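Summary of structural features
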Amino acid sequence: MRRFLLLYATQQGQAKAIAEEICEQAVVHGFSADLHCISESDKYDLKTETAPLVVVVSTTGTGDPPDTARKFVKEIQNQTLPVDFFAHLRYGLLGLGDSEYTYFCNGGKIIDKRLQELGARHFYDTGHADDCVGLELVVEPWIAGLWAALRKHFRSSRGQEEISGALPVASPASSRTDLVKSELLHIESQVELLRFDDSGRKDSEVLKQNAVNSNQSSVLIEDFESSLTRSVPPLSQASLNIPALPPEYLQVHLQESLGQEESQASVTSADPIFQVPISKAVQLTTNDAIKTTLLVELDISNTDFSYQPGDAFSVICPNSDSEVQSLLQRLQLEDKREHCILLKVKADTKKKGAALPQHIPAGCSLQFIFTWCLEIRAIPKKAFLRALVDYTSDSAEKRRLQELCSKQGAADYSRFVRDACACLLDLLLAFPSCQPPLSLLLEHLPKLQPRPYSCASSSLFHPGKLHFVFNIVEFLSTATTEVLRKGVCTGWLALLVASVLQPNIHASHEDSGKALAPKISISPRTTNSFHLPDDPSIPIIMVGPGTGIAPFIGFLQHREKLQEQHPDGNFGAMWLFFGCRHKDRDYLFRKELRHFLKHGILTHLKVSFSRDAPVGEEEAPAKYVQDNIQLHGQQVARILLQENGHIYVCGDAKNMAKDVHDALVEIISKEVGVEKLEAMKTLATLKEEKRYLQDIWS
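Sequence order as written defines residue numbering, which begins from 1 separately in each chain. It should be noted that, the model being predicted, local features are given only for residues of pLDDT at least 70 and side-chain atom pairs only at 80 or more, the latter also being counted only at that level, while totals for whole chains, interfaces and linings use all residues. Only hydrogens and water are set aside; all other atoms, that is, all heavy atoms of the structure, feed into the side-chain values.

Spelled out, the test is: UniProt positions are given in the numbering used here, feature names are shortened, and annotations may be inferred rather than shown by experiment.
You'll find the protein entered in an unreviewed UniProt entry as Methionine synthase reductase, with Gorilla gorilla gorilla given as the organism. Quoted straight from UniProt, the Catalytic activity (unreviewed entry) entry for the protein says "2 cob(II)alamin + A + 2 H2O + 2 H(+) = 2 aquacob(III)alamin + AH2". Check the Subunit (unreviewed entry) section of the UniProt entry for the protein; it says "Forms a multiprotein complex with MMACHC, MMADHC and MTR."

Dropping the structure here:
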């Protein structure tokens, strides 16, 4: 069997799941995949590797390679390596990302670019899959085309000395015209990869599933619309291409508990974990604000946890008790919630390289595993849906699950599963005849990820304390019936601090809950460059609407202390563009900002209120931060282009960060008198120089 090396670099398990799918399909196509996590450097050696290499790489943060790839990237970035170090290597790379972020698929791009610089060459073109529209739109055709590329490579290397080139991928004309622009923005259209949709079909091992003539077929199409649980023609009458069944590999034994104590310490983490008490919690918004914003203060004085303004950290959080209970009830496991889970890899599994999931600690109870270890809110992948099919007895329900995981049902999957944020519990309630075993859930549910937050304080200003700010996330889940859900972490934190919560920032600053200060577990996040310039004389522009203001409060506190320590120092201007809905409801840190302005720490404060109507005859003020930036475009351009200034943007990636970027393009184009393309290049240069920095989230 023809062997290739298959490496994955994963943060939340997506790249690993895709690599495992490639590994399973490889056998069907006559190949043998040697599968490893990229961090397992003792199991492979690229310096001596003669087989083709396939790499699946995700992206984390605002464009970093995943934690599992840190060591690998550091090693290949060694500038002493010769330019022909990987000249023998032929590879194909699939990058995963989200185009809501500026550095789209950057984890994969960093590795791809460096491999090329060291002499490696593609045997198959790079794919960039976008989680914003659905990874499967690129992943599935990329995998389908991989087998022809591998066959071509092996034919070429066996038959002659010539080096096989990459398979050409045809770009649609519409994306070609914007190619340069797309590269600059790091946002690439991957529609062209869909050309493999047809050419790869003969290579794909798919199951043909004929339509089930259920009772629904006699119902007129006008009588219902498609939903999570039902389809309409043509899908309901189509033959389906269904993914191959993922091989099961876990054997689960439930054993009565011996009464051992369980704690958050059992949760696995690559970073050190600190358990710290909450010393204060304050509601920053009024009760009639659209979003409720809380400030939480942690006491880190008895730990060696350290941070600087601009840093972020992770909060280790549990799933909602009520959701865990509902899930265990539906699985008919409620009476065994205290039983310990004992896992083994099935001796006869067909899954290559099967191993016990590292995020499920040994000997912990069912309740603990579902509360602290598994992302039960995760959107089920198509492979999971395919696995659920075989445990569904009702023929109509079975057919609908087949449709949702099929090639023909891609639009329905996007609409009713991915976009509706359907989770496992939603599916199990929607398809009552589906009775999956516990082992299947442990195989498919990913690790419950810690949630990142920006530090909203300076340790110079608040020694031994760490502040962070968050909105209590609330959203309507419409997968089955309408259910109001809260964010996994913010909902939990809100409950946790309810007993010590102060109504507003002007309340007493004494510790209000000394007797019963709840504790949470936190871990530091890898260092980033979202920090104040080393030279305090450099002017800075801060853009942070809503809770995006958090790191800038830390910046301002830090600067105030520096100016106290160096009264004769040369300190650059500090501009802040802040925005919220209503001046009297959600103007966060209003009192503090006035203080910084009054004492000359903050030199310019520009605030916009998006929902407040203009008063009387006055001209409509700037509605959003990007409008205010445009109003002060001349000064912004001067700071960035003439005074070597830095600009920091923190907050929502989906709209605000893009709108601010567009505003900066407009400003540079207008003030310098250049085309927009040239203005984009200028911004790209600022990013490379780490003078245009983002801390954004979706």
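What about the packing of aromatic side chains?
How we decide: In summary, the pairing rule links any two rings of Phe, Tyr or Trp, Trp by its six-membered ring, whose centres are within 6.5 Å, and it sorts them by plane angle into stacked for under 30 degrees, edge-to-face for over 60 and tilted for everything else. Accessibility here uses a 1.4 Å probe with only protein chains present; expressed as a share of the type maximum, an area under 20% marks a residue as buried, one over 50% as exposed, and anything in between as partly exposed.
Under the counting rule described, the total for this entry stands at 22 aromatic pairs. With centroids separated by 6.5 Å and ring planes inclined at 85 degrees, the aromatic side chains of Phe-305 and Phe-313 adopt a geometry described as edge-to-face. Each of the two residues, Phe-305 as well as Phe-313, counts as buried. Where Phe-313 meets Phe-468, the ring centres are 5.3 Å apart and the plane angle is 85 degrees; that geometry is what we call edge-to-face.

Focus on the environment of Ser-227
Stated precisely, the cut-off is as follows: The way it works is that DSSP assigns letters per residue, a run of H or I at least four long becomes a helix, a run of E at least two long becomes a strand, and they are numbered from the N terminus.
Tracing the sequence through the fold places Ser-227 in the loop between β7 (207-209) and β8 (240-242). Between the alpha carbons of Ser-227 and Phe-416 there is a distance of 6.6 Å; along the sequence they are 189 residues apart.

Overview of the pattern of salt bridges
Here is the rule: Every case where a carboxyl oxygen of Asp or Glu lies within 4 Å of a side-chain nitrogen of Lys or Arg is listed as a salt bridge.
Under the definition given, this model contains 26 salt bridges. Across the salt bridge formed by Arg-400 and Glu-403, the nearest N and O atoms sit 2.9 Å from each other. With Arg-400 and Glu-403 both in helix α11 (residues 395-405), this residue pair falls 3 residues apart, about one helical turn. What makes Arg-400 buried here is its relative accessible area of 2%. We classify Glu-403 as buried; its relative accessible area is 1%.

Description of unusual backbone geometry
Trans peptide bonds make up the majority, and among non-glycine residues the majority have a negative phi. Pro-233 connects to Pro-234 through a cis peptide bond whose omega is 10 degrees. Here Pro-234 lies in the loop between β7 and β8. Within the chain, Cys-421 stands out as a residue other than glycine whose phi angle is a positive 55 degrees. Tracing the backbone through its elements, the reader meets Cys-421 in the loop between α12 (410-418) and α13 (424-430). A relative accessible area of 37% means that Cys-421 is categorised as partly exposed. Non-glycine residue Asn-644 carries a positive phi angle of around 60 degrees. Residue position: Asn-644 is located in the loop between α19 (633-641) and β23 (646-652). Residue classification places Asn-644 among the partly exposed positions, given a relative accessible area of 42%.

Things to note about the nonpolar core
Keep this limit in mind: What makes a nonpolar core is a set of buried Ala, Val, Leu, Ile, Met, Phe, Trp, Tyr and Cys residues whose side-chain atoms join them at distances within 4.5 Å. Here, residues are in contact when the closest pair of their heavy atoms is within 4.5 Å.
Counting residues in each nonpolar core, the largest one holds 81 residues, and the members touching the most others are Leu-298, Phe-313, Phe-370, Phe-468, Ile-520 and Ile-522. Those residues in contact with Ile-520 that sit more than four places away from it in its chain are Phe-274, Gln-275, Val-276, Ile-278, Leu-298, Val-315, Phe-468, Trp-492, Leu-493 and Leu-496.

Thoughts on the sheet that holds β23
Going by this rule: Pairing between strands requires that DSSP locate at least two bridges from one strand to the other. For every element, the axis is a line fit to its C-alpha atoms; helices are fit only across the contacting stretch, and the angle between N-to-C directions ranges from 0 to 180 degrees.
Spatially, β22-β21-β20-β23-β24 is the arrangement adopted by the 5 strands of the open sheet, whose pairing is parallel. Here the strands that pair on one side only, and so sit at the sheet edges, are β22 (604-609) and β24 (692-697). Geometrically, the sheet is characterised by an average inter-axis angle of 10 degrees between neighbouring strands, direction not taken into account. The pairing of strand β20 (residues 540-543) with strand β21 (residues 574-580) spans 4 bridges and is parallel. Residue Ile-541 lies in a different strand from β21, and its bridge partner there is Trp-575. Running at roughly 150 degrees to β23, helix α20 (residues 653-672) makes contact with β20, β23 and β24 of the sheet.

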